[in-house]
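Summary of the model geometry
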Amino acid sequence: MPKRKLTLTIEGETVEKAKEKAKASGISLSKIVENVLSYYADPAVYCFKCGHKFHVSESNICPRCGWYKCPKCGACACQLGEEGVRVAFYMRKTLMDIYSSTDV
Ligand SMILES: [Zn+2]
Ligand SMILES: [Zn+2]
């Protein structure tokens, strides 16, 4: 797909800080925004058990734990202990804060 221009309105301080960090890391803001939007549009995650990367849109939700099941090995939160579930919950909470959505 060809690149397209996107105009965004973002808090000034955030833009400045992000520009500085991106410059220091040698990556363009466009690439960062593209990655974020790409994830938002069609989230892809890594299986915590086998490491397989899959799109959540292609996986089934476990009726018991409510997690996306890995299409390769079938793992979901049912295979995790209490502590593992807590770690995963707060990792995901970070994503939910970033994307202002529970569908991530
Ligand atoms: Zn897996
Ligand atoms: Zn489960």
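It should be emphasised that the depicted structure is a prediction, and the values quoted were computed from it without experimental measurement.

Let us look at helix α1 (residues 12-25). The first and last C-alpha atoms of α1 sit 20 Å apart over 14 residues, in line with the 20 Å expected at 1.5 Å per residue. With respect to burial, α1 is a largely exposed element, only zero of its 14 residues being buried. Just downstream of α1, Gly-26 is the residue with a positive phi angle, here 70°.

Here the domain parsing of the chain yields domain 1 (9-41) and domain 2 (43-99). Computed from C-alpha atoms alone, the centre-to-centre distance between domain 1 and domain 2 is 26 Å.

What follows is about unusual backbone geometry. A positive phi is found at Ser-100, a non-glycine position, where the angle reads about 50°. Residue position: Ser-100 is located in the segment after α3 (82-99).

Mapped onto the fold, Glu-16 is located in helix α1. For the pair Glu-16 and Met-1, spaced 15 residues apart in sequence, the C-alpha separation works out to 29 Å.

This part is about the environment of Cys-78. One can find Cys-78 in the loop between β2 (53-55) and α3. For the pair formed by Cys-78 and Val-15, sequence separation is 63 residues and the distance between their alpha carbons is 41 Å. Setting aside its immediate chain neighbours within four residues, Cys-78 contacts Cys-62, Arg-64 and Cys-65.

Quick notes on the rules
Residue indices follow the written sequence of each chain, beginning from 1 at its first position. Note on labels: chains are lettered from A, ligands numbered from 1, in written order. With pLDDT at 70 or above as the cut-off, local features in this predicted model cover only qualifying residues; side-chain atom pairs require 80 or more to be listed or tallied, and sums for whole chains, interfaces and linings still use all residues. Put simply, DSSP H or I for four residues or longer makes a helix, DSSP E for two residues or longer makes a strand, and each gets a number counted from the N terminus. Expected span of a helix: the number of residues minus one, times 1.5 Å. Counting other C-beta atoms within 10 Å of each residue's C-beta, where C-beta atoms are placed from the backbone, gives the exposure class: buried for 20 or more, exposed for 12 or fewer, partly exposed between. An automatic or database domain assignment provides the domain bounds reported here. Working definition of a contact: two residues with C-beta atoms, positioned from the backbone, lying within 7 Å.

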